[in-house]
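Each chain, letter by letter, is given below.
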Amino acid sequence: MWKQFPDSVPIVMAKKEGESPKEAIDRYFKKINSTKSLNELVAKSDIQDFVDEVGELQFQYGEFQDFKLTHERINFIVVTNELREMYTAPYNSRIQNVSARLKKYGADVVMLPVVHDLGLNAIEAKEYRAILFQSFDADLVLGGDDIDPYLYGEKKTYAKNPIRKRDVSELKFVRGFIEAKKGISFGICRGHQMCAVANGKKLYQDIQIEKDAPAHHVKGEHPILIDRSSDTFSMFDYEEITVNSLHHQEVQVLDDDPDYKITAKSLDDIPVVEALEFRDGMGVTLQFHPELMYDDIGEKILERFVLLAKRTKAQRSSCYNFIDLFR
């Protein structure tokens, strides 16, 4: 694991056989800077203080440590999609906020870097992901820019700023984590949508254009109607909560979807899906941002993420112990 700066969240980087940690970091950033399809990822980032005069992203080696997890606590891997998360304050404020709030409820947090498999061949990337799938109790897929519609079988119409190479890399991890069924999946905003794409769903590329949705979805707050019998919202004793909103897309899913249970919708004339739970109990995703809600609602939801991860881990351990009896 690697920390570029003392205040960084630990990053789980892939190291090829025979590579030193420094060589692995060199390889990753060389690929970031030389891969034409990632130029936009560097150019649009707000870490321009770390981009040199020829447009290459700079870095420092920082510190390295062995990949060791404390299994007395719940281990989250946070899936990022912005290069800024690897840098120092204030650029990494989002990942720092998520990490601090999950830690408060008993979780340890490690970060998956953007385009995590960069510079690896197919076999190396698959082995890297397999280790991570076995190691973590939960993944949390963060918000960000729109996902390339190509990944859900559509042409780009209203999607904004997709970067296909980044999105393909992220999808491989998210889909693999879901399919491994070793840990529970959580998604926020883009992460909610990425989990849906990993489960074979499509997205509305712009709900203002395609569904005439109110402008408060783009930026604002609005009430949603929640299912109090759901894992996510069972701790609330009321049926409506107010959430923030920073999106223009939506997951396409019907009430009788075989993979998902819809657990919250907006209170609009044409409701927007605001929360989903996997029917197998292995995932919860939200269109809104509980990590940016500093009220009782945001706190309860983030605490519930950790509690659900603990429950899933306990059930998995119980299953393994039962199997051991028959060996």
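In this report, the structure presented in the accompanying data block is examined. Please read these numbers as outputs of a predicted model, since none were measured by experiment. (Residues numbered from 1 in each chain as written. Predicted model: local features only at pLDDT ≥ 70, side-chain atom pairs only at ≥ 80, totals over all residues. Heavy atoms only, no water.)

Now for the overall build of the chain. When helices and strands are tallied, the chain shows eight helices and 13 strands. The C-alpha atoms of the chain give a radius of gyration of 20 Å, which matches the 20 Å a tight globule of 327 residues would have. Within the chain, buried positions represent 55% of all 327 residues. Across the chain, contacts joining residues at least 24 apart in sequence account for 72% of those joining residues at least 6 apart. Summed over its atoms, the accessible surface of the chain is roughly 14,800 Å², and 51% of this surface lies on carbon and sulfur atoms. (Helix = DSSP H or I, 4+ residues; strand = E, 2+ residues; numbered from the N terminus. Rg over C-alpha atoms; globule rule 2.2 N^0.38 Å. Buried < 20%, exposed > 50% of the residue type's maximum accessible area, 1.4 Å probe, protein only. Contact = heavy atoms within 4.5 Å. Areas by Shrake-Rupley, 256 points an atom, 1.4 Å probe, with all protein chains shown as cover.)

A separate point is the packing of aromatic side chains. A complete count under the given rule lists 17 aromatic pairs for this structure. On the numbers, 4.6 Å between centres and 45° between planes, the contact of Phe50 with Tyr87 is tilted. Of this pair, Phe50 sits in the loop between helix H2 (39–43) and strand E2 (63–64) while Tyr87 sits in the loop between strand E3 (74–79) and helix H3 (93–103), and the two are 37 residues apart along the sequence. Judged by centre distance (6.1 Å) and plane angle (80°), the rings of Phe133 and Phe177 are edge-to-face. Placement of Phe133 in helix H4 (residues 122–135) and of Phe177 in helix H5 (residues 164–180) is noted, with a sequence separation of 44 residues between them. Neither residue differs from the other here; Phe133 and Phe177 are each classed as buried. Clustering of aromatic rings is evident, with ring pairs tying together Trp2, Tyr28, Phe29, Phe59 and Tyr61. Geometry around Tyr61 places Lys22 over its ring, the cationic atom sitting 5.1 Å from the centre. One cation-aromatic arrangement involves Arg164 over Tyr150; the distance from NZ or CZ to the ring centre is 4.1 Å. (Phe/Tyr/Trp six-rings, centres within 6.5 Å; stacked < 30°, edge-to-face > 60°. Lys NZ or Arg CZ within 6 Å of the ring centre and 35° of its normal.)

The next thing to look at is the side chain of Lys201. In this structure, Lys201 sits in the loop between helix H6 (190–198) and strand E7 (202–204). Within polar-contact distance, the side chain of Lys201 engages the side chain of Asp259 at 2.8 Å. (Polar contact = N/O pair within 3.5 Å; in protein donor to acceptor, adjacent residues only side chain to side chain.)

As a further point, take the environment of Phe133. Among the residues examined, Phe133 registers a relative accessible area of 11% and is labelled buried. In this structure, the C-alpha to C-alpha distance between Phe133 and Ser20, residues 113 residues apart in sequence, is 23 Å. Non-local contacts of Phe133, meaning those with residues more than four positions away in its chain, are made with Lys172, Phe173, Gly176, Phe177, Ala180 and Lys182.

Turning to the pairing of strand E5 (residues 138–141), a few remarks are in order. Alternating residues of E5 divide into Ala138 and Leu140 and Asp139 and Val141, and every residue in both groups is buried. For E3 and E5, the ladder comprises four bridges, and the chain directions are parallel. Each bridged residue has a counterpart across the sheet, and for Val78 the counterpart in E5 is Leu140. Relative to strand E6 (residues 184–188), E5 runs parallel, the two sharing four bridges. For Val141, the partnering residue across the bridge sits in E6 and is Gly187. What joins E5 to E6 is H5, and the crossover it makes is right-handed. (Pairing = 2+ DSSP bridges. Right-handed = clockwise from strand over helix to strand, strands pointing away.)

The next subject is unusual backbone geometry. Here the bond from Ala89 into Pro90 is cis, since omega is 5°, no more than 30 degrees from zero. Here Pro90 is to be found in the loop between E3 and H3. Within the chain, Cys189 stands out as a residue other than glycine whose phi angle is a positive 55°. Topologically, Cys189 is positioned in the loop between E6 and H6. Backbone geometry places Asp212, a non-glycine residue, at a positive phi of 55°. One can find Asp212 in the loop between helix H7 (207–210) and strand E8 (220–226).

This part takes up the sheet that holds E6. With mixed pairing, nine strands are arranged side by side in an open sheet as E4-E3-E5-E6-E13-E12-E11-E8-E9. The open sheet is flanked by strand E4 (107–112) and strand E9 (240–245), the only strands paired with a single partner. Mean inter-strand twist for the sheet, computed between neighbouring axes without regard to direction, equals 25°. Two elements, E8 and strand E11 (residues 260–266), share three bridges in a ladder whose sense is antiparallel. In the strand pairing of E11, Leu225 is matched with Lys265. Along the sheet face, H5 touches E3, E4, E5, E6 and strand E12 (273–278) and points at about 145° away from the line of E5. (Axes fitted to C-alpha atoms, helices over the stretch in contact; angles between N-to-C directions.)

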